[in-house]
Amino acid sequence: MGEAPVTTSGGLRPGQSMMWMVSSFFQLDGEPVGAFAAQAGPGRQHVLGSTDRVGDDPRLVVDFNEGQPLLSAHGQPVGERHGNTVLLWEAEYRIRRARFRRKLHFSVTSEERTILDVRETSRPDRTVHTYVTRSDPALDPVAVLGLILLEARPDKMSVLNELLERRQT
């Protein structure tokens, strides 16, 4: 018999995410990667589940090319973001970002309950960004990574800062 999953006092499970311009992943602590994303052209991320392979039809496409990010699956729209509100697969989420911080820190609520908390642990000027997460165990990992992508915006990540910094030393 396996151990019960560890949860925080709010019922959220700890995990982590890592992101850079061309790929990202999300996983709960002690489990294999639950979802991963790969760049599929400028400003587009294909999100796949843990059993999918690169090249499979993505479960979610996050497209940043239209001003407001568009969310689709199998060629059909499944959501959109307007300000701090995200509609995804008929669920409504609110993103609340901590202000006046260099590192990304945000939470996502649904029906006034926090279902995702994300804190950046890497330096913001690095090519690879790492995050610690706490998420509702019932939340689909593909949806979690999609929400993280919407706020972390890999399409706007700096690749040259780290390369230029290394050349100067």
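This one's a predicted model, so the numbers in the text were calculated from it and none came from an experiment.

Among the nonpolar cores identified, the biggest contains 33 residues, and Val 47 and Ile 148 are the most heavily contacted of them. The leading source of residues in this core is helix H1 (residues 141-152), at nine residues. Beyond its immediate sequence surroundings of up to four residues, Val 47 is in contact with Ala 35, Phe 36, Ala 37, Pro 58, Arg 59, Leu 60, Val 62, Val 142, Leu 145 and Leu 149.

Across the protein, the average pLDDT comes to 84, with 85% of residues at 70 or higher. Across residues 1-7 the pLDDT falls below 50, and counting only partners more than four positions away or on other chains, this stretch makes six contacts in the model.

What follows deals with the sheet that holds strand E8 (residues 85-88). The sheet built from 12 strands closes into a barrel, its strands ordered E1-E2-E3-E4-E5-E6-E7-E8-E9-E10-E11-E12 with antiparallel pairing. Taking the axes of each pair of neighbouring strands and ignoring which way they run, one obtains an average angle of 20 degrees across the sheet. Across three bridges, strand E5 (residues 60-63) lies against strand E6 (residues 70-73) in antiparallel orientation. Bridged to Val 62 within E6 is Leu 71. The strands touched by H1 within the sheet are strand E1 (13-20), strand E2 (23-28), strand E3 (35-39), strand E4 (44-49), E5, E6, strand E7 (76-82), E8, strand E9 (91-97), strand E10 (105-110), strand E11 (113-120) and strand E12 (129-135), with E2 carrying the most contacts at an inclination of about 130 degrees.

A word on the pattern of salt bridges. Evaluated as defined, the whole model comprises nine salt bridges. Between Arg 119 and Asp 117 there is a salt bridge; the shortest N-O distance is 3.7 Å. You can call Arg 119 partly exposed: its relative accessible area is 38%. Linked by salt bridges that have partners in common, Arg 81, Arg 97 and Glu 151 make up one network.

What follows concerns H1. For H1, spanning 12 residues, the distance from its first C-alpha to its last is 16 Å, which sits close to the expected 16 Å at 1.5 Å a residue. By the burial criterion, the buried members of H1 are Val 142, Ala 143, Val 144, Leu 145, Gly 146, Leu 147, Ile 148, Leu 149, Leu 150, Glu 151 and Ala 152. Its side-chain oxygen at 3.0 Å from the backbone nitrogen of Val 142, Asp 140 defines the N-terminal cap of H1. Of the residues trailing H1, Arg 153 is marked for its positive phi of about 50 degrees.

Reading guide: rules and limits
Residues numbered from 1 in each chain as written. Predicted model: local features only at pLDDT ≥ 70, side-chain atom pairs only at ≥ 80, totals over all residues. Heavy atoms only, no water. Core = buried A, V, L, I, M, F, W, Y, C linked by side-chain atoms within 4.5 Å. Buried < 20%, exposed > 50% of the residue type's maximum accessible area, 1.4 Å probe, protein only. Helix = DSSP H or I, 4+ residues; strand = E, 2+ residues; numbered from the N terminus. Contact = heavy atoms within 4.5 Å. pLDDT = per-residue confidence, 0-100. Pairing = 2+ DSSP bridges. Axes fitted to C-alpha atoms, helices over the stretch in contact; angles between N-to-C directions. Salt bridge = Lys/Arg side-chain N within 4 Å of Asp/Glu carboxyl O. Expected span 1.5 Å × (residues − 1). Polar contact = N/O pair within 3.5 Å; in protein donor to acceptor, adjacent residues only side chain to side chain.

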